[in-house]
Amino acid sequence: MSAGPLHPLEVLYLRQWRRQMAAGQREAARDSLLDALAQEPNLPRVHVALARMRWPGPDYQQWLAWFQAHLSPQVYLEIGVEYGDTLRLAGPGTLAIGVDPAPKGDPAARCSGPVRLYAQTSQAFFAAPPPDSGLPGRGFALALSTATTASKPCWTTSSAPKPWPHRAPCCCCTTPCH
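I will try to describe carefully the structure that is included in this document. Keep in mind it's a predicted model, so treat the numbers as computed, not measured. (Residues numbered from 1 in each chain as written. Predicted model: local features only at pLDDT ≥ 70, side-chain atom pairs only at ≥ 80, totals over all residues. Heavy atoms only, no water.)

Observations regarding helix H4 (residues 60–71)
Test applied: Helix numbers and strand numbers start at the N terminus; a helix is a DSSP run of H or I with at least 4 residues, a strand a run of E with at least 2. Here a helix's expected span is defined as the number of its residues, less one, multiplied by 1.5 Å. For each residue, the accessible area found with a 1.4 Å probe, counting protein chains only, is set against the maximum for its type, and the residue is called buried under 20%, exposed over 50%, and partly exposed in between. Our arc is simply the arc of the directions from the helix axis toward the C-beta atoms. Note on contacts: a residue pair qualifies if any of its non-hydrogen atoms lie within 4.5 Å across the two residues.
With 12 residues, H4 extends 16 Å between its outermost C-alpha atoms, agreeing within 8% with the 16 Å of an ideal straight helix rising 1.5 Å per residue. Looking at H4, one finds that the buried residues are Gln 61, Leu 64 and Gln 68. Projected onto a plane normal to the axis of H4, the buried residues spread over an arc of 60 degrees and lie on a single side. Opposite the packed face of H4, turned more than 90 degrees from it, sit the exposed residues Ala 69 and His 70. Buried positions along H4 lie against strand E1 (75–79) and strand E4 (142–145). Positive backbone phi, approximately 40 degrees, marks Ser 72, located one or two places after H4.

Things to note about the environment of Tyr 76
The cut-off we apply is this: Polar contact criterion, stated in full: a pair of N or O atoms within 3.5 Å, where within protein one must be able to donate a hydrogen and the other to accept it, and residues adjacent in sequence count only if both atoms are side-chain atoms.
With respect to the element layout, Tyr 76 can be found in strand E1. Considering only alpha carbons, one finds Tyr 76 and Leu 142, 66 residues apart in sequence, at a separation of 5.0 Å. Setting aside chain neighbours within four positions, we find Tyr 76 in contact with Leu 64, Gln 68, Thr 86, Leu 87, Ala 90, Thr 94, Leu 95, Ala 96, Ile 97, Leu 142 and Leu 144. There is a polar contact of 2.5 Å between the side chain of Tyr 76 and the side chain of Glu 78.

Comments concerning the pairing of strand E2 (residues 95–99)
This is how it is decided: Strand pairing is assigned whenever DSSP detects at least two bridges linking the two strands.
A large share of E2 lies buried, amounting to five of its five residues. Side-chain alternation along E2 places Leu 95, Ile 97 and Val 99 on one buried face and Ala 96 and Gly 98 on a second face that is also buried. Bridge count between E1 and E2: five bridges; the pairing is parallel. Across the sheet, residue Tyr 76 finds its bridge partner in E2, namely Ala 96.

Section: the pattern of salt bridges
Pairing is possible between side chains that carry opposite charge, provided their charged atoms lie close to one another. Rules: The term salt bridge refers to a pairing of a side-chain nitrogen on Lys or Arg with a carboxyl oxygen on Asp or Glu at a separation within 4 Å.
Tallied over the full model, the rule gives four salt bridges. Put simply, Asp 31 and Arg 30 hold a salt bridge, and the shortest N to O gap is 3.0 Å. Exposure remark for Asp 31: the relative accessible area of 31% places this residue in the partly exposed category. Judged by relative accessible area, which is 31%, Arg 30 ranks as partly exposed.

Details of the side chain of Asp 85
Topologically, Asp 85 is positioned in the loop between E1 and E2. In terms of polar contacts, Asp 85 uses its side chain to reach the side chain of Arg 110, at 2.4 Å.

Things to note about the packing of aromatic side chains
Two aromatic rings are characterised by how far apart their centres lie and by the angle between their planes. Short version of the rule: Planes of paired rings set the category: under 30 degrees apart is stacked, over 60 is edge-to-face and the rest tilted, where pairs are Phe, Tyr or Trp rings (Trp by its six-membered ring) whose centres lie within 6.5 Å.
In total, this model carries four aromatic pairs according to the counting rule given. Taken together, a centroid distance of 6.1 Å and an interplanar angle of 80 degrees make the contact between Trp 63 and Trp 66 edge-to-face. Taken together, the residues span about one helical turn, with Trp 63 and Trp 66 both in helix H4 at a distance of three residues. Measuring from ring centre to ring centre gives 5.5 Å for Tyr 118 and Phe 125, while their planes differ by 45 degrees; the resulting arrangement is tilted. With respect to burial, Tyr 118 and Phe 125 carry one shared label: buried. An aromatic cluster is built from Trp 63, Trp 66 and Phe 67, whose rings are joined through pairwise contacts.

Here's what the structure looks like:
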């Protein structure tokens, strides 16, 4: 999960959730997570714990690492890089392009290959891709949106990643795209 600080409600409710799960009280544990989200809907680690209760198995970062390893894309585009937790999954031979209006810390620090970061909205980026991004000439093979804004989609049909020439892109979203 993200390298960001824990919200005080996350600390409290995740501790309670772990105790309840250890005691075999799954329903009470689920209810604790829902109580936390009722008080503060932006608790990423609580959302992850709830999702893992509902759908056990590999999380999206494990799936994305698998995609990266098997697709070996030349260009990987990520919308909403935040701390760079998923951007770092791009392999050393992949150009990772990150777009986030307010990246946190240094998202490129843990990346093993070349990275280009753009501190702007996805709508602005797609409306006029920066010339040094190389996208209009190269396109991308894999795109991910980890944007967490519930009120605004990561991209719309009018601002979606364009399938630039000679690419058959694969796009994954962790939030709704309209």
